[in-house]
Amino acid sequence: MLARRNPAKIYITGRNKSAAQRAIANIKSISTHTDAVWLRCDHANLASVKEAAEVISARESRLDVLMANAGVMAQPPGLTKDGYELQFGINHVAHALLIRKLLGLLRKTAEEHGEARIIPVSSLALVLAPPGHGIVFDDLKTTQPYWVLGKWQRYAQSKLANLIYGRELFRRYPEILTLVADPGPSNTGLVSSLGFFDKMIVYLGNINRFLGIDQGHWNQVWLVGVPKDQAKPGELYEPVGKPSQGYTHWCLDPQLAERLWE
Ligand SMILES: NC(=O)c1ccc[n+]([C@@H]2O[C@H](COP(=O)([O-])OP(=O)(O)OC[C@H]3O[C@@H](n4cnc5c(N)ncnc54)[C@H](OP(=O)(O)O)[C@@H]3O)[C@@H](O)[C@H]2O)c1
């Protein structure tokens with residue numbers, strides 16, 4: 001869908017080079033004008049994220065859209081190489097570093113070309129974040145092995161972080177248009193790799209809103225293209241292009257957002 005707009009260049013980051021090469025072949029079959037490039041970037045290792053951001057900054061003088069999409073869900077207890085709980089580290093901390101390192105390029109693009117966007121990818125699963133805290137800061141560098149539905153509470157904290165970091169980004173850098181996507185539930189690798197019990201949580205929790213496998217990207221691509229005067233910065237959008245009704249009080253808590261930023 002992005003390739004059909006004939007962008008000059010698309011970077012695909014990740015660990016799986018062969019999956020990226022298939023996407024790149026697909027992009028090139030749609031747009032002969034688009035240069036598509038894979039860049040290794042392992043979110044479980046901040047040195048790798050830093051290196052990827054520095055390659056992009058060194059090579060490019062313009063970055064129109066940064067889509068912060070990479071994610072894992074309902075993983076067993078674990079830590080990233082830098083000692084963060086796995087989901088918080090991969091889904092939030094790595095994106096925060098990537099965004100921080102590319103902010104200069106995005107701001108320059110907004111100044112010179114009138115617009116630049118960041119699309120953090122969150123999820124309505126954020127409602128499962130620990131009710132008393134939202135984000136348990138004291139536990140971010142532990143495996144958080146102890147909660148009932150612990151793997152969902154770990155995921156939910158990271159998705160809450162994606163949203164409130166996005167809102168804080170807009171507050172601090174209004175020259176960049178930050179629009180947060182909930183892609184909606186669909187049977188990507190994120191869901192199909194789950195065990196029976198966790199799959200049932202996803203299916204039963206989303207009984208009326210499950211999307212087709214070829215529809216999971218629609219909302220975030222819509223956010224790339226929606227005219228800026230028709231979008232509300234810092235807002236969470238559900239598929240497709242609907243401002244969310246799924247906020248918990250943590251989503252709107254300025255102190256939690258400030259602490260996360262710090
Ligand atoms: N599917 C749903 O129902 C659903 C619902 C709400 C929100 N979301 C969100 O949508 C986003 C995309 O998920 P998806 O459904 O498309 O899942 P997916 O098919 O499993 O894709 C996940 C992507 O994340 C990347 N990734 C995972 N671990 C990584 C790491 N350590 N370093 C770098 N990249 C990593 C993978 O790339 P490599 O394998 O190349 O590393 C892969 O491209 C996630 O943020 C997820 O939370 C999904």
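Before reading on, note that the structure itself is shown above.
Please read all numbers here as calculations on a predicted model, not as lab measurements.

### Details of the overall build of the chain
- If you tally the helices and strands in the chain, you get eight helices and eight strands.
- In terms of C-alpha radius of gyration, the chain reaches 18 Å, essentially the compact-globule figure of 18 Å for 262 residues.
- Along the three orthogonal principal directions, the C-alpha set of the chain runs to about 50 × 35 × 35 Å.
- Here the chain holds 262 residues, and the buried ones make up 51% of them.
- Sequence-distant contacts in the chain: of pairs separated by 6 or more residues, those separated by 24 or more amount to 75%.
- Per element, the accessible surface of the chain, about 12900 Å² overall, is 54% carbon and sulfur.
- Computed over 30 positive and 24 negative side-chain charges, the inter-centroid distance for the chain is 5 Å.

### Structural notes on the site of the ligand
- Around the ligand, the structure places 26 residues, and the nearest of them are Arg 15, His 43, Asn 69, Tyr 155 and Thr 188.
- A distance of 2.6 Å separates an oxygen atom of the ligand from a polar atom in the side chain of Tyr 155.
- In the model, an oxygen atom of the ligand is placed 2.5 Å from a nitrogen or oxygen of the Thr 188 side chain.
- When isolated, the ligand has an accessible area of 890 Å², and the protein chains bury 81% of it.
- When contributions to the shell around the ligand are tallied by element, the ones reaching two or more residues are helix 4 (150-172) and helix 5 (189-192).
- Examining the composition of the shell around the ligand, we find that three residues originate from one element, helix 5, more than from any other.
- The residue inventory of the shell around the ligand, partitioned by class, reads 11 nonpolar, 11 polar and four charged.

### Let's talk about the packing of helix 3 (residues 86-113) against helix 4
- Taken N-terminus to C-terminus, the directions of helix 3 and helix 4 make an angle of 20°; their axes are 7 Å apart at the nearest point. Judged by the angle between their axes, helix 3 and helix 4 are roughly parallel. Every pair of crossing elements has a handedness; the one defined by helix 3 and helix 4 is right-handed. Of the residues in helix 4, those touching helix 3 at Gln 87, Phe 88, Asn 91, His 92, Ala 96, Ile 99, Arg 100 and Leu 103 are Lys 151, Arg 154, Tyr 155, Gln 157, Ser 158, Lys 159, Ala 161, Asn 162, Tyr 165 and Leu 169.

### With respect to a nonpolar patch on the surface
- There is a patch of nonpolar side chains on the surface, built from Met 1, Trp 218, Trp 222 and Val 240 and spanning about 340 Å² of accessible area.
- Along the chain, Trp 218 turns up in helix 7 (residues 218-225).

### Description of the sheet that holds strand 3 (residues 65-68)
- Taken in spatial order, the three strands line up as 3-4-5 in an open sheet, and their pairing is parallel. Edge positions in the open sheet fall to strand 3 and strand 5 (177-178), since each of these has one partner strand only.
- Two strands pair when backbone bridges link them, and strand 4 (residues 117-120) and strand 5 are joined in this way by two bridges, in the parallel orientation. From the neighbouring strand, Arg 117 faces strand 5, where its bridge partner is Leu 177.
- Contacts between helix 7 and the sheet are confined to strand 3 and strand 4, with strand 4 contributing the most and set at about 165° to the helix.

### Observations regarding the packing of helix 2 (residues 46-59) against helix 3
- Helix 3 packs onto helix 2 with a crossing angle of 20° between their chain directions and a minimal axis gap of 9 Å. With respect to their mutual orientation, helix 2 and helix 3 come out roughly parallel. Considering the relative orientation of helix 2 and helix 3, their crossing is right-handed. Of helix 3, the residues touching helix 2 (which contributes Leu 46, Val 49, Lys 50, Ala 53, Glu 54, Ile 56 and Ser 57) are Val 93, Ala 94, Leu 97, Leu 98, Lys 101, Leu 102 and Leu 105.

Scoring rules and cut-offs
- Residue indices follow the written sequence of each chain, beginning from 1 at its first position.
- With pLDDT at 70 or above as the cut-off, local features in this predicted model cover only qualifying residues; side-chain atom pairs require 80 or more to be listed or tallied, and sums for whole chains, interfaces and linings still use all residues.
- Side-chain calculation: all heavy atoms of the structure are included, whereas hydrogens and water are not.
- Helix and strand definitions follow DSSP, with helices as H or I runs of at least four residues and strands as E runs of at least two, each counted in order from the N terminus.
- Between the two quantities, the radius of gyration covers C-alpha atoms and the globule rule is 2.2 Å times the number of residues to the power 0.38.
- Note on exposure labels: buried denotes an accessible area under 20% of the residue type's maximum, exposed denotes more than 50%, and partly exposed covers the range between, all computed with a 1.4 Å probe on protein chains only.
- Only heavy atoms matter for contacts: two residues are in contact if any of them lie within 4.5 Å across the pair.
- Here the open area of atoms and residues is found with the Shrake-Rupley method and a 1.4 Å probe, where only the protein chains shown may cover a residue.
- Positive residues here are Lys and Arg, negative ones are Asp and Glu, while His and the chain termini are left out of the count.
- To locate a charge, take atom NZ for lysine, CZ for arginine, CG for aspartate or CD for glutamate.
- It suffices for a single heavy atom of a residue to lie within 4 Å of a molecule or strand for the residue to be listed as near it.
- What qualifies as a polar contact is a pair of N or O atoms within 3.5 Å, subject to a donor-acceptor requirement within protein and to the restriction that residues adjacent in sequence count only when both atoms come from side chains.
- For this classification, the nonpolar set comprises Ala, Val, Leu, Ile, Met, Phe, Trp, Tyr, Cys and Pro, the charged set comprises Asp, Glu, Lys and Arg, and every other residue, Gly included, is treated as polar.
- Axis angles are defined between N-to-C directions and span 0 to 180 degrees, where every axis is a line fitted to C-alpha atoms and, for a helix, only to the segment in contact.
- Relative orientations are named as follows: roughly parallel for angles under 35 degrees, roughly antiparallel for angles over 145 degrees, roughly perpendicular for angles from 65 to 115 degrees, and oblique for any other angle.
- Should the near helix be turned anticlockwise from the far one by less than a right angle, the crossing is termed left-handed; should it be turned clockwise, right-handed.
- For patch detection, residues must exceed 30% relative accessible area and be free of salt bridges, and they are connected within 9 Å for like charges or within 5 Å for nonpolar side chains (Val, Leu, Ile, Met, Phe, Trp, Tyr).
- What makes a salt bridge here is a side-chain nitrogen of Lys or Arg within 4 Å of a carboxyl oxygen of Asp or Glu, nothing more.
- Two strands form a pair only when DSSP identifies at least two bridges running between them.

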